[in-house]
Amino acid sequence: MKTFTRTLFVAAGLLLSAGISTMAIAQSQSPATLDAAPAKQQSRAQQLMGATAPKLADLTDNVLYADIWERPGLSKRDRSLVTVAALIALDRPDQLRSHIKLGLQNGLTRDEVIETITHMAFYSGWPSAVSAVSIAKEAFQEEGAR
């Protein structure tokens, strides 16, 4: 039963993370805020996939970011740390890039990101960690350029 639950959790995580390329910005654009705007601005999820997969974009906005990311059980900083670790393990470079940037906005330090990558090398594999270092380096450079 424990293995089944773990497998179900991993599958749910894969479904939620699949196709959410560079959508960390969507978290800061809640649908309620967007509705109040005079000219309705689309969320990042709507921009990236709304025309092709409107239901997935809607679930991203209204379930993933407006509900899951807002639950009180974990801080956004901790959610970012868990998400970065999961994306390293799943070898999802596009999502990792945006979630490292979001993690830095949510209070993670560069040292914590690098320590997470180093730690995950032993659980998710060396190649995933090496790729994650390159992605983190780019994210840090972009953050420093702002």
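What counts and what doesn't
Residues numbered from 1 in each chain as written. Predicted model: local features only at pLDDT ≥ 70, side-chain atom pairs only at ≥ 80, totals over all residues. Heavy atoms only, no water. Helix = DSSP H or I, 4+ residues; strand = E, 2+ residues; numbered from the N terminus. Buried < 20%, exposed > 50% of the residue type's maximum accessible area, 1.4 Å probe, protein only. Axes fitted to C-alpha atoms, helices over the stretch in contact; angles between N-to-C directions. Parallel < 35°, antiparallel > 145°, perpendicular 65-115°, else oblique. Left-handed = near helix turned anticlockwise from the far one by under 90°. Contact = heavy atoms within 4.5 Å. Nonpolar A, V, L, I, M, F, W, Y, C, P; charged D, E, K, R; others polar. Expected span 1.5 Å × (residues − 1). Arc of directions from axis to C-beta. Phe/Tyr/Trp six-rings, centres within 6.5 Å; stacked < 30°, edge-to-face > 60°. Core = buried A, V, L, I, M, F, W, Y, C linked by side-chain atoms within 4.5 Å.

(A) Quick look at unusual backbone geometry. Backbone geometry at Asp91 places phi at a positive 55 degrees, although glycine is not the residue there. Positionally, Asp91 belongs in the loop between α5 (76–89) and α6 (93–105). Take Asp91: its relative accessible area is 43%, and that puts it in the partly exposed class.

(B) Structural context of the packing of helix α7 (residues 110–124) against helix α8 (residues 126–145). Where α7 contacts α8, the two axes come as close as 8 Å, and the packing angle between them is 165 degrees. Considered as vectors, α7 and α8 are oriented roughly antiparallel to each other. In this structure, α7 meets α8 at a crossing whose hand is right-handed. Mapping the contact onto sequence places Arg110, Val113, Ile114, Ile117, Ala121, Phe122 and Ser124 in α7 and Trp126, Ser128, Ala129, Ala132, Val133, Ala136, Phe140, Glu143 and Gly144 in α8. Tallied by class, the residues present in the contact of α7 with α8 amount to eleven nonpolar, three polar and two charged.

(C) Summary view of helix α4 (residues 54–65). The terminal C-alpha atoms of α4, which comprises twelve residues, lie 16 Å apart, in line with the 16 Å expected from a rise of 1.5 Å per residue. For α4, every residue scored as buried is listed here: Ala57, Thr60, Asp61, Leu64 and Tyr65. Burial along α4 is one-sided: seen end-on, the buried residues are contained in an arc of 125 degrees.

(D) Seen up close, the packing of α5 against α6. At their nearest, the axes of α5 and α6 sit 9 Å apart, and the two run at 160 degrees to each other. With respect to α6, the axis of α5 lies roughly antiparallel. The crossing of α5 and α6 is left-handed. For the pair α5 and α6, the contacting residues are Ser80, Thr83, Val84, Leu87 and Ile88 in the first and Gln95, Leu96, His99, Ile100, Leu102 and Gly103 in the second.

(E) Looking closely at the packing of aromatic side chains. A complete count under the given rule lists two aromatic pairs for this structure. Centre to centre, the rings of Phe122 and Trp126 are 5.4 Å apart; their planes meet at 90 degrees, and the pair counts as edge-to-face. Trp126 carries the same exposure label as Phe122, and that label is exposed.

(F) Spatial organisation of the nonpolar core. If you look at the biggest cluster of nonpolar residues, it comprises 18 residues, and the most contacted ones within it are Ile88, Leu96, Ile100, Val113, Ile117, Ala136 and Phe140. Elements with a contribution of two residues or more to this core: α5, α6, α7 and α8. The element that contributes the greatest number of residues to this core is α8, accounting for six residues. Excluding residues that lie within four positions of it along the chain, Ile117 makes contacts with Ile88, Ala129, Ala132, Val133 and Ala136.

These figures come from the coordinates and say nothing about function on their own.
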